[in-house]
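Topology and contacts: notes
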Amino acid sequence: MKLNLKIWRQKNSNDKGHYEAHSVEATGDMSFLEMMDVLNEQLINDKKEPVAFEHDCREGICGSCNMVINGQPHGPQSGTTTCQLHMRHFKDGDDIVIEPARAAAFPVIKDLVVDRSSFDDIIQAGGYISVNTGQAPDGNSIPIEKDMAMQAFDAATCIGCGACVAACPNGSAMLFTSAKVAHLGLLPQGKVEHTRRVQSMVATMDKEGFGMCSNIGACEAECPKGISIENIAMLNRSYIASVFGGQK
Amino acid sequence: MKWIINFLFSSIGKKIIMSLTGLFLISFLPVHLLGNFQLMAGDGGEAFNTYAYFMTNNPLIKFTSYGLYFFILLHAVQGIMIAIKNKSAKGSNYKVSTYKNKTWASNNMAFLGILIFAFLCIHMGDFWFKMKFTSQIAMIDTYPGYEGIGVKDLYTRVAAAFSQLWIVIVYLIGLLALGFHLVHGFSSAFQTLGLNHKKYTPLIKGLGYAYSVLIPLGFAIIPIWMYFK
Ligand code: HEM
Ligand code: SF4
Ligand code: FES
């Protein structure tokens, strides 16, 4: 199939950037990134600068491949990362507009690559457990209610891709932050530092310049891992409790 | 005390202020509406004027009303500031944008709020301000037992306003904006407070839709009824 691409090109963070048109031949069993590889080979053969885009695992688990395809982070297939999106979801002659994630806290580094170190800063502010919890414990040695474990696990599937920020009209990182807070705070090992974690992750999120949550829900609609905004409600609850609760 | 400042200026704290002030306004509107229904009592305004007199002179209600004015202003100023911050946090926009789940109302809360605020200025200027700070509204003491108390005839002023078509239309626009603001705002306020659960969220959403249709509709009936009377 022949595809007409319109791709965002930007030399560096100071460049204003523009859209560039290319056409590419793809087959249905290629992934979206493989289609981009074909385009880049073509560009290299023509002695042109290939399109910079991020990728690593190509199996939907690392979260580096988010790009905005026809207005949708990770493209039109719901619950799917760009690397797992296949070209059979497109038709011959389709126009595809490819843009980087846009948010003030995610400045473009080059073409489709954005700087997501603001996410790293949020994680560094509390997305961990301070003590070494050792080897994987024997099953059932720490009692965890099944529903709680499932809820924590659902939140833990967040791959930090930033599609939620890209999808949000306010460039808010609430879905990501809430997923991390829920994942750690619901389990006994993470509960100990829950209050402090919530305070410092929210403070860092604010400092990085992300927007506030207007409860629109665009994030959960685009999240490739189906993280629900119920987590955001939980973050808000935890934040209120952390402010008015026990610790000084 | 630093903790409370940190809270009030944090992103979540700011939203919680929006939510609590919004919910306060939501709880005020049905009371206001029930009072206003007395405009349609068909008694030449006696019931309504008595109610208006009570509302402007009862100390408890006076106190609450200052809270109300403060909360409206806080909600409005905070809302505009949030909208400005959110716009700049997005920065540039997409060439193709879909923004799934984004409803017109949820994306235009600040615009709708400004419409509501403009409406409130007209509304308060015409009735509340004239009643409290000018002598444009005549005293009435023809009701039996009201001699010398100084009840103002707000009813006549309201009836005069609602005999003009343009004022009725301004009211309908204001109420339409309110309805849309609340279609998103009502359930959003609960989510902001962290209240989201499969058990009761559908109920909150349902209540929110009912409220945002019925309350503005209730308010709208009054000017329409008075215009055609
Ligand atoms: C006076 C003019 C008003 C302005 C400028 C205004 C502005 C706003 C804005 C910008 C938001 C969205 C905040 C966000 O996206 O995070 C909002 C939310 C809200 N507004 Fe208003 N508003 C006004 C009046 C009202 C009135 C009269 C009511 C109720 C009767 C109300 C109830 C609400 C509620 C419940 C929310 C949801 C809060 C949340 O998301 O947590 N607003 N308002
Ligand atoms: S919440 Fe979803 S969209 Fe956001 S970073 Fe995690 S996986 Fe990506
Ligand atoms: S490349 Fe790792 S999730 Fe797509």
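Residues numbered from 1 in each chain as written. Chains lettered and ligands numbered in written order. Predicted model: local features only at pLDDT ≥ 70, side-chain atom pairs only at ≥ 80, totals over all residues. Heavy atoms only, no water.

Two quantities define a packed helix pair, namely the angle between the helix axes and the distance between the axes. Residue and element names in this part refer to chain A. Relative orientation of the contacting elements helix α5 (residues 174–185) and helix α7 (residues 194–207) amounts to 165°, with a least axis distance of 11 Å. On the basis of the axis angle, α5 is roughly antiparallel to α7. The handedness of the crossing between α5 and α7 comes out as right-handed. From α5, Met 174, Thr 177, Lys 180, Val 181, Leu 184 and Gly 185 reach across to α7, where they touch His 194, Arg 197, Val 198, Met 201 and Met 205. Partitioned by chemical class, the residues of the contact of α5 with α7 number 6 nonpolar, 3 polar and 2 charged. (Axes fitted to C-alpha atoms, helices over the stretch in contact; angles between N-to-C directions. Helix = DSSP H or I, 4+ residues; strand = E, 2+ residues; numbered from the N terminus. Parallel < 35°, antiparallel > 145°, perpendicular 65-115°, else oblique. Left-handed = near helix turned anticlockwise from the far one by under 90°. Contact = heavy atoms within 4.5 Å. Nonpolar A, V, L, I, M, F, W, Y, C, P; charged D, E, K, R; others polar.)

A few words now on the coordination of the iron atom of ligand 1. Residues and elements named next belong to chain B. Every protein donor of the iron atom of ligand 1 is listed here as His 75 (NE2) and His 181 (NE2), and their distances to the metal cover 2.0 Å. Here the iron atom of ligand 1 is ringed by 6 donor atoms whose angles at the metal span 87 to 180°, and the overall shape comes out octahedral. Here His 181 lies in helix α8 (residues 165–192) and His 75 lies in helix α4 (residues 59–90), a separation of 106 residues in the sequence. Judged by relative accessible area, which is 16%, His 75 ranks as buried. (Donors = N, O, S within 2.8 Å, 3.2 Å for Na, K, Ca; no water. Tetrahedral: all angles 85-135°; square planar, octahedral: opposite > 155°, others 65-115°. Buried < 20%, exposed > 50% of the residue type's maximum accessible area, 1.4 Å probe, protein only.)

This part covers the pattern of salt bridges. By the definition in use, this model includes 10 salt bridges over all chains. Note that A:Glu230 and B:Lys198 form a salt bridge whose closest N and O atoms lie 3.0 Å from each other. Here the residue A:Glu230 occupies a position in helix α9 (residues 230–244), and B:Lys198 occupies one in the loop between α8 and α9 (201–228), the pair thus bridging two chains. Using a relative accessible area of 63% as the deciding quantity, one classes B:Lys198 as exposed. B:Arg157 is paired through a salt bridge with B:Asp126; the nearest N and O atoms lie 2.6 Å apart. In this pair, B:Arg157 is assigned in helix α7 (residues 154–161) and B:Asp126 in helix α6 (residues 109–133), connecting sequence segments 31 residues apart. In this structure, a network of salt bridges that share partners links the residues A:Arg9, A:Glu20 and A:Asp111. (Salt bridge = Lys/Arg side-chain N within 4 Å of Asp/Glu carboxyl O.)

Attention shifts here to the layout of surface pockets. Estimates place the volume of the second largest pocket at around 500 Å³. In terms of lining residues, the second largest pocket is bounded by 23 residues, among which A:Asn215, A:Ile216, B:His184, B:Ser187 and B:Lys205 are the most central. When residues of the lining of the second largest pocket are traced back to their parent elements, those giving at least two are α8 and α9 of chain B. By residue number, the principal contributor to the lining of the second largest pocket is α8(B), which donates 6 residues. Broken down by class, the residue content of the lining of the second largest pocket amounts to 7 nonpolar, 13 polar and 3 charged. (1 Å grid on protein atoms, 1.4 Å probe; cavity = no way out; pocket = protein on both sides within 12 Å on 5 of 7 lines; lining within 4 Å. Points joined across faces, edges and corners; volume = space filled by probe spheres on them.)

Another aspect to go through is empty space enclosed by the protein. All names here are of chain A. Tallying each qualifying case throughout the model produces 4 cavities of 30 Å³ or more. Approximately 120 Å³ is the volume attributed to the largest cavity. Along its surface, the largest cavity is lined by 15 residues, and Cys 168, Ser 172, Cys 213, Gly 217 and Cys 219 are the ones closest to its centre. Among the elements of the structure, α5 and α8 (218–222) are those that each provide at least two residues to the lining of the largest cavity.

So, about the interface of chain B and chain A. Facing 38 residues of chain B, the contacting portion of chain A comprises 49 residues. Of the roughly 3,500 Å² buried at the junction of chain B and chain A (both faces included), carbon and sulfur atoms supply 57%. Its largest share of buried area at the contact with chain A, chain B owes to B:Ile12, B:Tyr94 and B:Lys100, together 18% of the area lost on that side. Here chain B is connected to chain A by 1 salt bridge. For the side of chain B that touches chain A, the secondary structure elements donating two or more residues are α1 (2–9), α2 (11–36), α4 and α8 of chain B. (Buried area = accessible area lost by both parts, 1.4 Å probe.)

Let us now look at α6(B). The largest bend in α6(B) is about 40°, located at B:Gly125. Burial in α6(B) covers these residues: B:Met109, B:Leu112, B:Ile116, B:Phe119, B:His123, B:Asp126, B:Phe127, B:Lys130 and B:Met131. (Bend = angle between axes of the 7 residues up to and from the residue.)

Ligand 1 sits among 25 residues. The nearest are B:Lys15, B:His75, B:His181, B:Ser188 and B:Thr192. Of the chains in the model, those with residues near ligand 1 are chains A and B. With respect to ligand 1, the side chain of B:His75 contributes an N or O atom lying 2.8 Å from a nitrogen atom. Residue B:Thr192 places a side-chain N or O atom 2.6 Å away from an oxygen atom belonging to ligand 1. Elements represented by at least two residues in the shell around ligand 1 include exactly α2, α4, α6 and α8 of chain B. With 7 residues, the top contributor of residues to the shell around ligand 1 is α2(B). Of the residues contributing to the shell around ligand 1, the split by class is 13 nonpolar, 11 polar and 1 charged. (Near = heavy atom within 4 Å. Polar contact = N/O pair within 3.5 Å; in protein donor to acceptor, adjacent residues only side chain to side chain.)

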